[in-house]
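# Observations on the model geometry
In case you want the letters, here they are:
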Amino acid sequence: MRAYYYDNTELDQREVHDSGKPVSVDQLSQVGVLYWRITGDNAIEELDKVAAERSYKNRDQIVVSPEAMGEIYETKVKSFFDEHLHEDEEIRYILGGSGFFDVRSEGDEWIRIAVEQGDLLVLPAGIYHRFTTDSKNYIKAMRLFKEDPVWTPINRPLADDIEIRREYLKTVSAN
């Protein structure tokens, strides 16, 4: 995992967009983003431990690529890149490939998080974020859920005034 401020240029969303200003794991944790690097022979055991500690009961896998998704790939990748939030945590363990999660900083700037195989990322409920594959156009991820697998985005600005967003902002300002 590598995190940095997004450069806001007009390049394709799948390009690196590195502003040259790095963001540390500690800085990510200040906006509620958690990160683990889980690799090796006991990776699934370590993942299961984190899942149990955080009460994740269900999981599934998703492959985002032109081969796996066919004609809808470009449309889906563009929809994942719309700024949104969820009422639950978003948890992704990267099984293969690579991509980018962008999250809003406290100052409402984009922070780009480059993920690859072995990265486990938890985005808190209420944080504005977006996702895209990188220029390789392939990522395979395990999605973990506290309850039934549901992925319901609430796009900005519609989500500005919902309770989970207000709760998130209180948590971040307390840090």
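Residues numbered from 1 in each chain as written. Predicted model: local features only at pLDDT ≥ 70, side-chain atom pairs only at ≥ 80, totals over all residues. Heavy atoms only, no water.

The protein chain appears in an unreviewed UniProt entry as Acireductone dioxygenase from Umbelopsis ramanniana AG. If you open the UniProt record of the protein chain and go to Pathway (unreviewed entry), you find "Amino-acid biosynthesis; L-methionine biosynthesis via salvage pathway; L-methionine from S-methyl-5-thio-alpha-D-ribose 1-phosphate: step 5/6." Taken verbatim from the UniProt record of the protein chain, the Sequence similarities (unreviewed entry) comment is "Belongs to the acireductone dioxygenase (ARD) family." (UniProt positions renumbered as here; feature names shortened; annotations may be inferred.)

### Some points on unusual backbone geometry
Between R156 and the following residue, P157, the backbone shows a cis peptide bond with an omega angle of 10 degrees. Residue placement: P157 occurs in the loop between β11 (154-155) and α5 (163-174). One non-glycine residue, N8, adopts positive backbone phi at about 60 degrees. When you line up the elements, N8 lands in the loop between β1 (2-6) and β2 (18-23). On the accessibility criterion, N8 (52% relative accessible area) is exposed. For D108, which is not glycine, the phi dihedral falls at a positive 70 degrees. In this structure D108 comes out as partly exposed when scored by relative accessible area, which is 32%. (Helix = DSSP H or I, 4+ residues; strand = E, 2+ residues; numbered from the N terminus. Buried < 20%, exposed > 50% of the residue type's maximum accessible area, 1.4 Å probe, protein only.)

### Comments concerning the packing of aromatic side chains
This model, assessed by the stated rule, comprises two aromatic pairs. The lysine or arginine in question, R104, covers the ring of W110, its NZ or CZ lying 4.0 Å from the ring centre. (Phe/Tyr/Trp six-rings, centres within 6.5 Å; stacked < 30°, edge-to-face > 60°. Lys NZ or Arg CZ within 6 Å of the ring centre and 35° of its normal.)

### Considerations on the UniProt feature "binding site: Ni(2+)" (unreviewed entry) in the protein chain
Here, the residues flagged by UniProt with the feature "binding site: Ni(2+)" (unreviewed entry) are H84, H86, E90 and H129. Taken along the chain, the residues just named run across 46 residues; in space they keep tight, none of their C-alpha pairs more than 11.5 Å apart. Turning to its location among the elements, H84 is positioned in strand β5 (residues 84-85). For H84, the residues in contact, after removing those within four places along its chain, are E90, I127, Y128, H129, R130, W151, P153, I154, N155 and R156. One polar contact links the side chain of H84 to the main-chain carbonyl oxygen of D82, over a distance of 2.7 Å. Looking at E90, the relative accessible area reads 7%, which means it is buried. A polar atom in the side chain of E90 sits 2.7 Å from the side chain of H86. (Contact = heavy atoms within 4.5 Å. Polar contact = N/O pair within 3.5 Å; in protein donor to acceptor, adjacent residues only side chain to side chain.)

### Details of the pattern of salt bridges
For side chains bearing opposite charge, pairing can occur when the charged atoms are close. Tallied over the entire structure, the rule returns 17 salt bridges. Of the charged contacts in the structure, one is a salt bridge between E90 and R92, with a shortest N-O distance of 3.6 Å. Its relative accessible area of 7% is what places R92 among the buried residues. A salt bridge links R112 to D102, with the shortest nitrogen-to-oxygen separation between them at 2.8 Å. (Salt bridge = Lys/Arg side-chain N within 4 Å of Asp/Glu carboxyl O.)

### Examining helix α2 (residues 43-53)
Of the residues making up α2, those classed as buried are A43, L47, V50 and A51. Summarising the axial view, the buried residues of α2 lie within an arc of 100 degrees, below the 170-degree limit, and thus occupy one face. More than 90 degrees from the buried face of α2, the exposed residues found are E45, K49, A52 and E53. At its buried positions, α2 is contacted by β3 (34-37), β4 (58-64), β6 (90-104), β8 (119-123) and β10 (139-145). Phi turns positive one or two residues past the end of α2, at S55, with a value near 65 degrees. (Arc of directions from axis to C-beta.)

### As for the UniProt feature "binding site: Fe(2+)" (unreviewed entry) in the protein chain
Following the UniProt record, one finds the feature "binding site: Fe(2+)" (unreviewed entry) at H84, H86, E90 and H129. Residue placement: H86 occurs in the loop between β5 and β6. You can call H86 buried: its relative accessible area is 7%. Setting aside residues up to four positions removed in sequence, H86 forms contacts with A125, G126, H129, W151, T152, P153 and I164. Relative to the assigned elements, E90 resides in strand β6. Excluding residues that lie within four positions of it along the chain, E90 makes contacts with H84, F101, L121, V122, L123, H129 and W151.

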